[in-house]
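Here is how the chains run, residue by residue.
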Amino acid sequence: MNRTKQEISEAFWQLLEEMPYSKITVKEIADRCQLNRNTFYYHFQDIPALAEATMAAWVDDIVKLHFQFGNPQECLTPLVEGCIARKRAILHIYRSVQRDVFLRHLRSMIRHAVGMYAEGVKSTLGADLETLPVLCHFYQCAGMGLVLDWLDQDMGYDMSEFLEVVCVLFQGTSHKALLRRTEELP
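Residues numbered from 1 in each chain as written. Predicted model: local features only at pLDDT ≥ 70, side-chain atom pairs only at ≥ 80, totals over all residues. Heavy atoms only, no water.

Colleague: Looking at this structure, I do not really get the side chain of Ser9. What am I missing?
Modeller: Residue position: Ser9 is located in helix α1 (residues 3-18). We classify Ser9 as buried; its relative accessible area is 6%. Side-chain polar atoms of Ser9 contact the side chain of Thr54, separated by 3.0 Å. (Helix = DSSP H or I, 4+ residues; strand = E, 2+ residues; numbered from the N terminus. Buried < 20%, exposed > 50% of the residue type's maximum accessible area, 1.4 Å probe, protein only. Polar contact = N/O pair within 3.5 Å; in protein donor to acceptor, adjacent residues only side chain to side chain.)

Shown next as structure tokens:
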């Protein structure tokens, strides 16, 4: 993203911290960036296009900068921290007409995290497992469900602490499930 696009995107984040998505106008964004409206329209077709690009860049930044895959908790922790850092903005976009855009990017981030974790699991087991996609899909759905519940509750509980407890409870289950399935194969 070039510098002007980044400034527009950052102004959008700032405004989302201050007000609901439906209240944000191109004029407010342009004023915040000290640009004219034509400059906004040179870079983005409209505010929904800006929201799409901003969510995509946010997900890309989190994936590139923060993901480590030692355990399942580490798969969701950067996402949780990213949401907390922009709490009001995330809740405003989550409650807006752009919710589908946000959810699509959220789902892709979780899919990426689970996929990277699964590759690590696969390499430690030393097998090309046919059932790994099933387990990945399960963890994607579980991760998405946990994050959606947390967002529905206005991020009102400590998700990091919750994830820690869940990971302790389910520690080793993915390895056991994969090994069990491998043992059952003819």
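Additional details are given in the paragraphs that follow.
Colleague: Looking at this model, I keep getting lost on the packing of α1 against helix α2 (residues 26-33). Mind explaining?
Modeller: Helix-helix packing: each pair is described by the crossing angle between the helix axes and the interaxial distance. Where α1 meets α2, the axes come as close as 9 Å, and the angle between the chain directions of the two elements is 115°. The interaxial crossing formed by α1 with α2 has right-handed handedness. Here α1 contributes Glu7, Ile8, Ala11, Phe12, Gln14, Leu15 and Glu18 to the contact with α2, which in turn contributes Glu28, Ile29, Arg32 and Cys33. When grouped by side-chain class, the residues that make up the contact of α1 with α2 number six nonpolar, one polar and four charged. (Axes fitted to C-alpha atoms, helices over the stretch in contact; angles between N-to-C directions. Left-handed = near helix turned anticlockwise from the far one by under 90°. Contact = heavy atoms within 4.5 Å. Nonpolar A, V, L, I, M, F, W, Y, C, P; charged D, E, K, R; others polar.)

Colleague: Can you walk me through the nonpolar core in this structure?
Modeller: The nonpolar side chains of a soluble globular protein tend to be buried, and buried together. Residues Phe12, Ile29, Trp58, Leu79, Phe102, Leu106 and Leu151 are the most contacted members of the largest nonpolar core, which totals 47 residues. Elements with a minimum of two residues in this core: α1, α2, α4 (47-66), α5 (72-85), α6 (87-94), α7 (99-125), α8 (132-152) and α9 (159-170). The element that contributes the greatest number of residues to this core is α7, accounting for eight residues. In contact with Phe102, not counting residues within four places along its chain, are Met55, Trp58, Ile90, Ile93, Tyr94 and Leu151. (Core = buried A, V, L, I, M, F, W, Y, C linked by side-chain atoms within 4.5 Å.)

Colleague: Just checking my understanding: could you explain the pattern of salt bridges for this structure?
Modeller: Any two side chains of opposite charge can pair, so long as their charged atoms come close to each other. Within this structure, the stated rule accounts for seven salt bridges. Glu10 serves as the salt-bridge partner of Arg86, at 3.6 Å between the closest nitrogen and oxygen. Highlighted residues: Arg86 in the loop between α5 and α6 and Glu10 in helix α1, separated in sequence by 76 residues. Judged by its relative accessible area of 23%, Arg86 is partly exposed. (Salt bridge = Lys/Arg side-chain N within 4 Å of Asp/Glu carboxyl O.)

In short, shape yes, function no, at least from these values alone.
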